[in-house]
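An overview of the molecular structure
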Amino acid sequence: MNCVRRFALLFAAAAILIQSPPTSAQIITHERTPAGLAFRHVHMPEEHTQALYFAWKDTTAGSMAGKEALPTLATALILEGPRGMSRSAMIEDLRDLRATVNLGATVDVTQGHLVAPPEKFADAGRLLARTLAEPALSTDRLADIAKSRAVSSRQAEGNPESQAQRLLARLMIGEGSYRSYATTAPAIFERVTMDDIDRWRKDVLVREGLIVVAAGPLGATEIVRTVDRLFADLPQAGKLPPPAKPILQAPGKLVVLERPVVQTIIAAGGPMALAVTPDLARTQLAVAALGGNPSARLWKAVRERLGAAYGVSTSLQPVDLETRTLVIRTAVANEKAKGALAAIREEYARLIAEGVTDEELEALKRLFVTSHRDRLRRAPSVAANVLTQVLHHFPDEYLASYEGRVGRYDRTAVNTDMRATFPKQPLTAVAVAPSADGFAADCVIRSPDELARCD
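Okay, so let's go over this structure. Sequence positions are assigned chain by chain, starting from 1 and proceeding in written order. For a predicted model such as this one, the threshold for reporting local features is a pLDDT of at least 70, and the threshold for listing and counting side-chain atom pairs is 80 or more; totals across whole chains, interfaces and linings nevertheless cover every residue. To obtain the side-chain values, all non-hydrogen atoms of the structure were included, while hydrogens and water were left out.

**What about the overall build of the protein?**
To be explicit about the condition: A helix here means a DSSP run of H or I that spans at least four residues, while a strand means a run of E at least two residues long, and both kinds are numbered starting from the N terminus. For each residue, the accessible area found with a 1.4 Å probe, counting protein chains only, is set against the maximum for its type, and the residue is called buried under 20%, exposed over 50%, and partly exposed in between. Any two residues having at least one pair of non-hydrogen atoms within 4.5 Å are treated as being in contact. Working definition of accessibility: Shrake-Rupley area with a 1.4 Å probe, residue cover restricted to the visible protein chains. We score Asp and Glu as negative and Lys and Arg as positive, and we do not count His or the chain ends. Charge coordinates come from a single atom per side chain, which is NZ of Lys, CZ of Arg, CG of Asp or CD of Glu.
Looking only at helices and strands, the protein features 17 helices and 12 strands. In terms of its C-alpha atoms, the protein occupies a principal-axis envelope of roughly 65 × 55 × 40 Å. Among the 455 residues that make up the protein, the fraction classed as buried is 52%. Put simply, of all contacts in the protein between residues at least 6 apart along the chain, 81% involve residues at least 24 apart. As displayed, the protein has an accessible area near 20,100 Å², and 52% of this comes from carbon and sulfur atoms. One finds the centroid of the 55 positive side-chain charges in the protein at a distance of 2 Å from the centroid of its 51 negative side-chain charges.

This is the structure in structure tokens:
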């Protein structure tokens, strides 16, 4: 099934499903374990899977220069398994339990989950508890993981799509830890020691600030034992570095990296002037109208009218928990690249000037409601969404009120929000192309290392 047909079917399904009653999986209760750990619980009695999601806010990667990869490597190493058990043995045990566990990190959040059938949930919890409390922490495995990540980062440097994205990030994010993290500089994986990881565990994996969400068929009284088993023996508190905020910039330049490529890669965007609130969907509706599906304006301009690309990606990219950039990406035929970039700029300017139409908005609202309902059909997705809303301090009724909130957004509200939050023109842009001829570039480089002279 091609992409256009998939979106057509999704819009048709949206028109039907929007008339359906909302799921009961939106009711959140606040619970507390015998050891005093608070958690949120969503009871889904008809579900066949029990999910537990948990997270800590973590300032390490954004605040400690040279240690941007510490949370990433620490979580990967812990997930190798507990002392006395090989990685392969742990994977086999999880397979027998039909369970999945995970632990990972973004620039400012460390997050994990446990998902298992309800009858296997407690046993899977015991295995994850051992992994968190007594990780093997092999020095050799740390070296292997760090080397693998650094090699992957260096290999990505030769990929035109990765080059365009990294160059755009370097233009939009000021020098510092956030830029190093966003561009996954290979060197950040080579600076983390076992002592760093040991200190990180004691400072981050603590009871204070822990957020826990359970969703699935088990009642709260059945969940408390696993929550205590996982977290009750953690240190009460740790010491995190003072938080730092990313420095965002909007040079509005076009930089062309000249290199032999089969297709020209275009990446464009800028910082958003928004606060992440329960009304974020209002901004997301305007983003979706710009690009991201075959009915969006950039798709029509670049794909249908120019025939220059298979599609255009437009998204809000997180820099940290509260900061977003707007990023537009596409791969286009070399001979049509200049026209495609001009079309992107023209459509962006037209959207800002004219706004989203009523027809566009109503179709997108139906699609948003359908997607929201899909997210509430399975326990892992519900737990993940509740965890996200807690990290952003959204109210408990956020999920239950989402459909009503989206339904109330009108064209005036969406367009007013868009003009206040979208990046100012001209957008900052990068093109990776065989030649800069005809682009009217502000700066032409032949290696990413030359970007500094574009300032």
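**Regarding the pairing of strand E11 (residues 428–433)**
Within a regular strand, side chains alternate between the sheet's two faces. What counts is decided by this rule: A pair of strands is labelled paired if DSSP reports no fewer than 2 bridges between them.
E11 sits mainly inside the fold: six of its six residues count as buried. Bridging between strand E7 (residues 254–258) and E11 involves five bridges; their strand directions are parallel. Across the sheet, Glu258 pairs through a bridge with Ala433, a residue of E11.

**A word on the sheet that holds E7**
Operational definition: Angular values range over 0 to 180 degrees, each being the angle between N-to-C directions of two axes fitted as lines to C-alpha atoms, with helices fitted over their stretch in contact.
In space, the six strands of this open sheet follow the order E9-E10-E8-E11-E7-E12, with mixed pairing throughout. Each edge of the open sheet is held by one strand with a lone partner, namely strand E9 (313–320) and strand E12 (443–445). Pairs of neighbouring strands in the sheet enclose a mean axial angle of 20°, with direction left out of account.

**A closer look at the sheet that holds strand E2 (residues 38–43)**
Taken in spatial order, the six strands of this open sheet run E1-E2-E6-E3-E5-E4, and their pairing is mixed. Looking along the sheet, the strands with just one partner apiece sit at the ends: strand E1 (29–32) and strand E4 (100–105). Within this sheet the neighbouring strands show an average axis-to-axis angle of 20°, counted without direction. Examined bridge by bridge, E4 and strand E5 (residues 109–116) share six bridges and lie antiparallel to one another. By the bridge assignment, Thr100 is partnered in E5 with Val115. Docked against the sheet, helix H3 (residues 70–78) engages E4 and E5, running at close to 160° with respect to E4. Sitting on the sheet, helix H5 (residues 121–133) is in contact with strand E3 (50–57), E4 and E5, with an inclination near 150° to E5.

**Quick notes on the layout of surface pockets**
For clarity, the threshold we go by: Space inside and on the surface of the protein is sampled on a 1 Å grid over the protein atoms alone, with a cavity defined as a set of points where a 1.4 Å probe fits but cannot get out and a pocket as an open set with protein on both sides within 12 Å along at least 5 of 7 lines; lining residues have an atom within 4 Å of a point. Grid points are joined across faces, edges and corners, and a volume is the space filled by probe spheres set on the points. Gly is placed with the polar residues, together with every amino acid not listed as nonpolar (Ala, Val, Leu, Ile, Met, Phe, Trp, Tyr, Cys and Pro) or charged (Asp, Glu, Lys and Arg).
Roughly 1,200 Å³ of volume is contained in the largest pocket. Every residue lining the largest pocket is counted, 48 residues in all, and those nearest its centre are Leu316, Gln317, Pro318, Val319 and Arg324. Across the lining of the largest pocket, the residue classes break down as 27 nonpolar, 15 polar and six charged. Each pocket or cavity is described by its volume, and for the second largest pocket that value is around 400 Å³. If you trace the second largest pocket, you find 13 residues lining it, with Glu157, Arg170, Thr183, Pro448 and Asp449 closest to the centre. Residue contributions to the lining of the second largest pocket peak at four residues, all from helix H7 (residues 160–172). Tallied by class, residues from the lining of the second largest pocket come to four nonpolar, three polar and six charged.

**Remarks on the packing of H5 against helix H10 (residues 220–231)**
Put simply, the rule is: Orientation labels follow simple angle bins: below 35 degrees gives roughly parallel, above 145 gives roughly antiparallel, 65 to 115 gives roughly perpendicular, and whatever is left gives oblique. Two helices crossing with the near one rotated counterclockwise from the far one by less than a right angle form a left-handed crossing, whereas a clockwise rotation gives a right-handed crossing.
Running from N to C, H5 and H10 point in directions that differ by 15°, and their axes come no closer than 8 Å. Here H10 runs roughly parallel to H5, going by the angle between their axes. Every pair of crossing elements has a handedness; the one defined by H5 and H10 is right-handed. Contact residues: H5 offers Phe121, Ala122, Gly125, Arg126, Leu128, Ala129 and Leu132, while H10 offers Ile223, Thr226, Arg229, Leu230 and Phe231.

**Regarding the environment of Leu137**
Structurally, the position occupied by Leu137 is in the loop between H5 and helix H6 (139–157). Owing to a relative accessible area of 19%, Leu137 belongs among the buried residues under this scheme. Between the C-alpha atom of Leu137 and that of Ala275, which follows or precedes it by 138 residues, the distance is 39 Å. Among all residues touching Leu137, those that are not within four sequence positions of it are Leu77, Ile78, Met194, Ile197 and Arg201.

**Some words on helix H13 (residues 337–354)**
Each turn of an α-helix holds 3.6 residues, which means side chains three or four residues apart point in the same direction. The following threshold applies: In a helix, the anticipated span is given by 1.5 Å times the number of residues less one. Think of the arc as the fan of directions from the helix axis to the C-beta atoms.
Taking 1.5 Å per residue as the helical rise, H13 with its 18 residues ought to reach 26 Å, and the 25 Å between its terminal C-alpha atoms agrees with that figure. Along H13, the residues that are buried comprise Ala337, Ala340, Leu341, Ala343, Ile344, Glu347, Tyr348, Leu351 and Ile352. All buried residues of H13 fall inside an arc of 160° around its axis, so they share one side. Remark: Gly355 follows H13 within two positions and exhibits a positive phi of approximately 85°.

**Observations concerning the nonpolar core**
Put simply, the rule reads: Note on terminology: a nonpolar core comprises buried Ala, Val, Leu, Ile, Met, Phe, Trp, Tyr and Cys residues joined through side-chain atoms within 4.5 Å.
Formed by 75 residues in total, the largest nonpolar core has its most connected members in Val302, Leu326, Val332, Val386, Phe422 and Phe439. Leave out the neighbours within four places in its chain, and Phe422 touches Met272, Thr283, Ala286, Val287, Leu326, Tyr348, Leu351 and Ile352. Ala76, Met90, Phe121 and Leu132 belong to the second-largest nonpolar core, a separate cluster that totals 52 residues.

**Looking at the pairing of E3**
A large share of E3 lies buried, amounting to seven of its eight residues. Both E3 and E5 contribute to a ladder of eight bridges, which runs antiparallel. Bridging from a neighbouring strand, Tyr53 pairs with His113 of E5. Summarising the sheet, E3 and strand E6 (residues 211–216) pair through five bridges and their orientation is antiparallel. Bridge pairing in E6 links Ala55 to Ile211.

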